[in-house]
Amino acid sequence: MKNKINKKSVLTIIGVILTYVIIYGLTKTKVINSYYAGIINLALINIMLAVSLNLIVGFTGQLCLGHAGFMSIGAYLSAILTQKAELPFMVSIFIGAIIACIIAALIGYPTLRLTGDYFAITTLAFCEIIRIVIMNIDFIGGARGLTGIPKKTNFTIAFIFAVITIVIIYNIIHSSQGRAMLSVRENEIAAESMGINAFKYKIMAFVIGAFFAGLAGGLYAHYMGYIQPTAFDFNKSIDYLTFVVFGGMGSLSGSVIATIILTFLPELLRGFQNFRMILYPLALIILMIFRPQGLLGDKEITFKIFKLDKLKKNSDIENGKEA
């Protein structure tokens with residue numbers, strides 16, 4: 001069993017490195033032009049947001065509509081710290097993420113005792129409050145937005161942070177805490193009757209999700225070089241929720257695939273001009289009709305799709321015969 005896990009880990013690491021090398025090589029040789037290279041960077045940042053939101057919505061069962069609010073906190077704080085206080089890029093984005101994390105804890109403590117639609121409405125209200133507050137602070141640009149942010153985020157940094165986010169949340173889900181979160185999602189009353197503190201695990205998922213949203217916001221600000229409050233409105237939160245639902249609530253690999261598809265799809269449909277705003281939602285409607293659980297449901301892509309497990313079984317059988 002241990003050898004099997006090690007083989008999977010090695011193959012996963014090799015796959016990640018190969019993906020990075022191929023994309024990096026294609027961008028450097030201009031096979032992928034700068035425009036699509038930029039979309040790849042945005043897709044990697046969106047993956048961080050979708051995967052972290054999936055921890056809250058898909059694995060803990062709490063409908064959160066304020067993820068863009070935490071992203072905006074990380075974006076503005078890191079941008080101000082880099083631009084005004086001249087702090088190092090890495091320090092600033094982590095400070096922004098930690099502050100987003102603290103605010104999530106302050107909001108989550110009273111609101112996570114609410115359930116269903118009440119919690120969703122509360123997080124939606126929080127997202128709008130943050131946006132309106134930012135619009136009325138002249139020091140950070142107000143409604144005009146904040147310009148002159150140092151462009152520090154590149155493909156390598158975005159790729160590394162996206163991989164780290166997936167790995168950390170994957171390990172959380174497959175830990176005892178992750179199993180407790182899943183039990184809360186399935187049946188909160190039954191989970192509490194078994195001695196699981198549902199509130200504790202709900203706020204844990206909420207705070208962790210907010211941390212990675214703040215981190216993604218910092219990367220976004222230092223990639224764009226310019227941010228404004230309208231970039232973090234209610235519609236942005238719905239976009240990230242769409243990524244999660246499209247890929248399958250409870251599937252990390254589904255979130256990754258859906259985010260890549262839905263980040264690139266509007267750009268690929270630009271040739272259809274006005275029709276692209278019809279084709280994009282139409283694709284979502286068709287999926288919801290024929291595949292309401294999302295692309296992967298609650299399943300993950302494993303090495304079984306490459307029939308590695310089958311090859312291993314055949315090898316074991318042959319070795320047994322030889323013995």
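Above: the structure in question.
Bear in mind that the values here come from a model prediction, so they are computed numbers and not experimental data.

Definitions and limits used
Every chain begins its residue count from 1, and numbering advances along the sequence as written. In keeping with the model being predicted, local features are shown solely for residues with a pLDDT of at least 70 and side-chain atom pairs are shown and tallied solely at 80 or more, while totals for entire chains, interfaces and linings include all residues. Values reported for side chains reflect all heavy atoms of the structure, with hydrogen atoms and water molecules removed beforehand. Secondary structure elements are defined from DSSP: runs of H or I of at least 4 residues count as helices, runs of E of at least 2 residues count as strands, and each element is numbered from the N terminus. Given a helix with a known number of residues, its expected span is that number minus one, times 1.5 Å. Summary of the burial criterion: residues with accessible area below 20% of their type's maximum are buried, those above 50% are exposed, and those between are partly exposed, where the area comes from a 1.4 Å probe applied to protein chains only. Arc, as used here, means the arc of the directions from the helix axis to the C-beta atoms. Patches here: salt-bridge-free residues with over 30% relative accessible area, like charges joined within 9 Å, nonpolar side chains (Val, Leu, Ile, Met, Phe, Trp, Tyr) joined within 5 Å. Calculation of accessible area relied on Shrake-Rupley with a 1.4 Å probe; when residues are assessed, cover is drawn exclusively from the protein chains displayed. Any carboxyl oxygen of Asp or Glu within 4 Å of a side-chain nitrogen of Lys or Arg constitutes a salt bridge here. Helix axes are fitted to C-alpha atoms over the stretch in contact, other axes to C-alpha atoms as well, and angles between N-to-C directions run from 0 to 180 degrees. Each angle is binned into one of four classes, with values under 35 degrees roughly parallel, values over 145 roughly antiparallel, values of 65 to 115 roughly perpendicular, and all other values oblique. Crossings are sorted by hand: turned counterclockwise from the far helix by less than a right angle, the near helix makes the crossing left-handed, and turned clockwise it makes it right-handed. Residues count as neighbours in contact if any of their non-hydrogen atoms are within 4.5 Å of one another. Residue polarity is assigned by list, with Asp, Glu, Lys and Arg as charged and Ala, Val, Leu, Ile, Met, Phe, Trp, Tyr, Cys and Pro as nonpolar; anything else, Gly included, falls into the polar class.

So, about helix α5 (residues 117-135). Over its 19 residues, α5 runs 27 Å from end to end, which matches the ideal 27 Å to within 8%, given 1.5 Å per residue. Taken as a whole, α5 has its buried residues at F119, A120, T123, F126, C127, I130, R131 and I134. Angular distribution of buried residues about the axis of α5 spans 130°; they occupy a single face of the element. Turned more than 90 degrees off the buried face of α5, the exposed positions are D117, Y118, I121 and I129.

Here we come to a nonpolar patch on the surface. Judged by side-chain polarity, L87, M90, V91, F94, I95, I98, I99, I102 and L106 come together as a nonpolar surface patch covering roughly 720 Å² of accessible area. Within the secondary structure layout, M90 lies in helix α4 (residues 89-111).

Packing of helix α3 (residues 67-83) against helix α9 (residues 198-224) brings their axes to within 6 Å, and their N-to-C directions diverge by 50°. With respect to each other, α3 and α9 are oriented oblique. Every pair of crossing elements has a handedness; the one defined by α3 and α9 is right-handed. Packed against α3, whose contacting residues are H67, F70, M71, G74, A75, S78, A79 and T82, the element α9 presents F206, G209, A210, A213, G214, G217, G218, Y220, A221 and H222 at the interface. Residue composition of the contact of α3 with α9, grouped by class: nine nonpolar, nine polar and no charged.

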